[in-house]
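Structural overview for review
Given next are the chains, with one letter for each unit.
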Amino acid sequence: MAAGMPAKVLIVEDEYMLAHMLEEMIQSLGVDEVSHAATLADAQGLVEAHEFDFAFLDINLGEENSIPLARELHARNIRFVFASGYDSKYDGEGISAPLLRKPLALEEIRAALTSDRPDDTTERIGRIG
């Protein structure tokens, strides 16, 4: 594991190619353990079974969204960012987290992984509590 990088990262993305590209970029930054889930249920199962340090959450997962998982990650004090390819603002349903626009650039990914607070260049959505 590279210095300053989380040990275990979860990617929640329903598009296989995007998830695979993101996984490769995260690994190129020195993160050894990267897991991927394409559905909310699979992601929730992974979070129950493993201790992640960080997560990238695609907001829209087909017919569902990742907001319930964001609430769970927040309750567990696991840092995360949302990722979306849509131009419209998403209200976040009460969740406040950085929002990265797809396609993600390597420097955006590095900044998200190594920052204890949201990167100033990311958009904000919603608000927790």
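Moving on: the pattern of salt bridges. Tallying each qualifying case throughout the model produces 6 salt bridges. Residue Glu-13 is joined to Lys-102 by a salt bridge in which the shortest nitrogen-to-oxygen separation is 2.7 Å. You can see Glu-13 sitting in the loop between β1 (8–12) and α1 (16–28) and its partner Lys-102 sitting in the loop between β7 (97–101) and α4 (106–114), a full 89 residues away along the chain. Residue classification places Glu-13 among the buried positions, given a relative accessible area of 6%. Given a relative accessible area of 22%, Lys-102 falls into the partly exposed group. Ionic pairing is found between Glu-72 and Arg-76, a salt bridge with its closest N-O pair at 2.4 Å. Overall, the relative accessible area of 34% leaves Arg-76 in the partly exposed class. Connected through salt bridges with shared partners, the residues Glu-13, Asp-58 and Lys-102 form a single ionic network.

Let us look at the packing of aromatic side chains. On inspection of all chains with the given rule, the structure shows 2 aromatic pairs. Aromatic pair Phe-80 and Phe-82: ring centres 5.6 Å apart, planes at 80 degrees, arrangement edge-to-face. Like Phe-80, the residue Phe-82 is buried in the burial classification.

The next thing to look at is the side chain of Ser-84. Within the secondary structure, Ser-84 sits in strand β6 (residues 79–84). A relative accessible area of 5% means that Ser-84 is categorised as buried. Ser-84 has contacts with Ile-59, Leu-99, Leu-100, Arg-101 and Lys-102, leaving out every residue within four places of it along the chain.

Attention shifts here to helix α2 (residues 40–49). Taken together, the buried positions of α2 are Leu-40, Ala-43, Leu-46 and Val-47. For α2, the angular spread of the buried residues around the axis is 125 degrees, confining them to a single face. For α2, the exposed residues lying more than 90 degrees away from the buried face are Ala-41, Glu-48 and Ala-49. Where the residues of α2 are buried, they touch β1, β2 (33–37), β4 (60–61), β5 (64–65) and α3 (67–75).

Here the focus is the environment of Phe-52. Topologically, Phe-52 is positioned in the loop between α2 and β3 (54–58). With relative accessibility at 7%, the residue Phe-52 sits in the buried group. Each C-alpha atom, one on Phe-52 and one on Leu-73, is 9.1 Å from the other, the two residues being 21 residues apart in sequence. In this structure Phe-52 touches Lys-8, Val-9, Leu-10, Ser-35, Leu-46, Val-47 and Ile-78, once residues within four positions along its chain are discounted.

What follows concerns the packing of α1 against α4. Remark: α1 packs on α4, axes separated minimally by 10 Å, with the N-to-C direction vectors making an angle of 65 degrees. The way α1 lies across α4 gives a crossing that is right-handed. In contact with Leu-22, Met-25, Ile-26 and Ser-28 of α1, α4 contributes Leu-106, Ile-109 and Leu-113. Here the residues of the contact of α1 with α4 sort into 6 nonpolar, 1 polar and no charged.

Rules and cut-offs
Residues numbered from 1 in each chain as written. Predicted model: local features only at pLDDT ≥ 70, side-chain atom pairs only at ≥ 80, totals over all residues. Heavy atoms only, no water. Salt bridge = Lys/Arg side-chain N within 4 Å of Asp/Glu carboxyl O. Helix = DSSP H or I, 4+ residues; strand = E, 2+ residues; numbered from the N terminus. Buried < 20%, exposed > 50% of the residue type's maximum accessible area, 1.4 Å probe, protein only. Phe/Tyr/Trp six-rings, centres within 6.5 Å; stacked < 30°, edge-to-face > 60°. Contact = heavy atoms within 4.5 Å. Arc of directions from axis to C-beta. Axes fitted to C-alpha atoms, helices over the stretch in contact; angles between N-to-C directions. Left-handed = near helix turned anticlockwise from the far one by under 90°. Nonpolar A, V, L, I, M, F, W, Y, C, P; charged D, E, K, R; others polar.

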